[in-house]
Every structure is written in structure tokens, then in C-alpha cells.
Amino acid sequence: MLGFLPYPLIGFISFLLLIINILLTACILFPATLIKICLPFKWSNLLLTRLLNKIANDWVYRNNLAIAFTRKINWHVTGLSGIDPDGKYLLISNHQSWVDIVVLQKVFHGYIPFIKFFLKKELLWVPIMGPAWWALDFPFMKRYSKEFLAKHPHLKGKDIEITRKACEKFRLLPVTVMNFLEGTRLTPEKKERQNSPYRHLLKPKSGGMGFVLSAMGDQLTGILDTTIVYPKGSVNFWPFLCGLVRDIWVDVRLIPLSDELKGDYIEDSAYQERFQGWVNSLWKEKDDRIDEIKKSIGIND
């Protein structure tokens, strides 16, 4: 570990290791992707998708090694027992910064299949990472405002169709689909603008989760309700790379997929309303859980 070095130097070394890992992974991932594109057979597609997921898991493993090498973090994790590494899960979590994704990949590595999540379509053009996400079958979403849809009604429901097609691919192999229900990162400004009723969270949006459950509910092993707490609130990526985050709390709760949670979110308005109520109740419990964790470590805010 490099804790004896100045923080900015630790951050630079951490960043350099992450870049090297991305480039190394791309050199393996992209040729395998090209082979997958060139072989139009179901068996080869399935085999190469497994290979691509293995390459992505190895990338996460090397990232975790880099984190352990460059800084000491005390991981306070509960609730990982009873999880099937070959299952299919819907992973939901509160969202505070991009560090959340690194934390989730670190905590769940080896416990669940490789985590895939919905991305804004604009991220497809991010150098190296965009094509890599595409190669790994990450679904890219194009969000439209109500005003835009009013002028272009033929695009209404496009995001639902993208979700459905993505979930069809996810049916073939073990997978973890991640969804940040708040839809965006928590900031005091966003919380005030929303007039959020929660102390530590933004209002949850049930649509994305509802679409996934409608498309995959009969195949999912369960829902992984995950709560992330940083001792000083939200943390930016650079301080994390510099080793300024010493403790991270992660609480995992496995929710069985009962018949009550299954339904047609797209067509059944009664189910939509019932499911939104369930999500709001879940978010209230998560808010209380964050309160409990913070009080247990002596943080009152």
C-alpha cells in the first residue's frame, strides 16, 4: 500500500493503474467482439458473450487489486450470504457519485454475475469505454422530454422497447442488471428542487425497475437492495483515488421475487400504482437504514 505517499501522488498512481487496466482490457475485449460480430451463429454468440463477460470480470478484479494496492479502505459490508454467483439479479442502490459503481463492483465481485446497467446514449461516444459498454451488451437509452414527445409522438415508448430488447439478451446467461432508482446523483440542490421527503435520498423512479421486472420477473433470482454510506456524505472520484476515503459501509438485503412484485408495468395501471407504492415504502426503509448506519458511527446530520 502507498499510504506513506502524498495524497496527490497516490491519486496519480491510482489513475494511471486504472488507465493501464482499461487499455489492457480493450486489447483483449475488442478482438473478441470482432469475432462475435463475424460469426452469425447462436452457439458462437453465446460462447463469445460468456468470454466477454469473463474479460469484464477480470477487469473488475484488476481494478480491485489497484484499489487495495494504492490505499487502505475499511469495508463494512453486511448481507452477502445466500447470494448465487450463477443467478440473475436486479441490483438497486442509492446513488451519490460515480464512486458508487466502483464500490458495487468491488463488493459484489465473485458473488454475482458481472453488473450491467442502463446508460445514456451519449456515453456511447466516450473513447474506449463507450465501445466496450456496447460490446458487453449494456443498453443505451435515449431520454426525451415531455415537450419533445408531444412534437414527436412516434418516439413515445422507445425507451421501453430498448429495455425489452436488452432484457431479451439478458435471459440467455447469468446477469446482474443494476438500476439507480433516483435516476441521478444526490446533491443538496437536487434534493431541495425535488422537495424530497427523504433525509438522505432523492425521490425514487419506479419505471426502469418496473420494466426490468416485467421483462425478466419470471427468471430473476431476486432483488439486491443495496445501501451505500460514506462517512462524510457524497465523495468525488478524485478524493477517492487519492485515498481520502478510509471507510465505506455497504448494506445488502436480498428481496425474494414474490408474485406481488410481478406484473405488467407497461399496460397495467393498477400494477404501476401498487408497485410505485412498494418502491416508496422500500425507499423509506432505506432512508431509515442510512440514518441507523450514520448514528452507529457517530454521524448526526
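These notes cover the structure that comes with them. (Residues numbered from 1 in each chain as written. Predicted model: local features only at pLDDT ≥ 70, side-chain atom pairs only at ≥ 80, totals over all residues. Heavy atoms only, no water.)

**Focus on the overall build of the protein chain**
Alright, step 1. Looking only at helices and strands, the protein chain features ten helices and eight strands.
Alright, step 2. For 301 residues, the compact-globule estimate of 2.2 N^0.38 gives 19 Å, and the protein chain sits close to it at 20 Å.
Alright, step 3. When its C-alpha atoms are laid out on the principal axes, the protein chain stretches across 60 × 50 × 45 Å.
Alright, step 4. Counted over contacts in the protein chain with a minimum sequence separation of 6, partners at least 24 positions apart contribute 74%.
Alright, step 5. Per element, the accessible surface of the protein chain, about 15900 Å² overall, is 61% carbon and sulfur. (Helix = DSSP H or I, 4+ residues; strand = E, 2+ residues; numbered from the N terminus. Rg over C-alpha atoms; globule rule 2.2 N^0.38 Å. Contact = heavy atoms within 4.5 Å. Areas by Shrake-Rupley, 256 points an atom, 1.4 Å probe, with all protein chains shown as cover.)

**Some remarks on the packing of aromatic side chains**
Alright, step 1. A complete count under the given rule lists nine aromatic pairs for this structure.
Alright, step 2. Aromatic side chains Y271 and F275 sit 5.7 Å apart centroid to centroid with 25 degrees between the ring planes, which places their arrangement in the stacked category. Taken together, the positions of Y271 and F275, both in helix α10 (residues 269–296) and four residues apart, correspond to about one turn of that helix. For the pair formed by Y271 and F275, the shared burial category is buried.
Alright, step 3. Counting every residue linked through ring pairs, the aromatic cluster contains F211, Y265, Y271, F275 and W278. (Phe/Tyr/Trp six-rings, centres within 6.5 Å; stacked < 30°, edge-to-face > 60°. Buried < 20%, exposed > 50% of the residue type's maximum accessible area, 1.4 Å probe, protein only.)

**A closer look at the pattern of salt bridges**
Alright, step 1. All chains considered together, the criterion is met by ten salt bridges.
Alright, step 2. Among the salt bridges present, the one from D291 reaches R199, with a minimum N-O distance of 3.0 Å. Here D291, found in helix α10, pairs with R199, found in the loop between α7 (188–194) and α8 (207–216); they are 92 residues apart in sequence, far enough to count as distant.
Alright, step 3. A relative accessible area of 42% places R199 in the partly exposed class.
Alright, step 4. The residue D225 makes a salt bridge to K286 at a minimum N-O spacing of 2.6 Å. Placement of the pair is D225 in strand β7 (residues 222–229) and K286 in helix α10, with a sequence separation of 61 residues.
Alright, step 5. Here D225 falls in the buried class, since its relative accessible area comes to 1%.
Alright, step 6. Bridged by salt links that share partners, the residues R199, K284, D287, D288 and D291 form one connected network. (Salt bridge = Lys/Arg side-chain N within 4 Å of Asp/Glu carboxyl O.)

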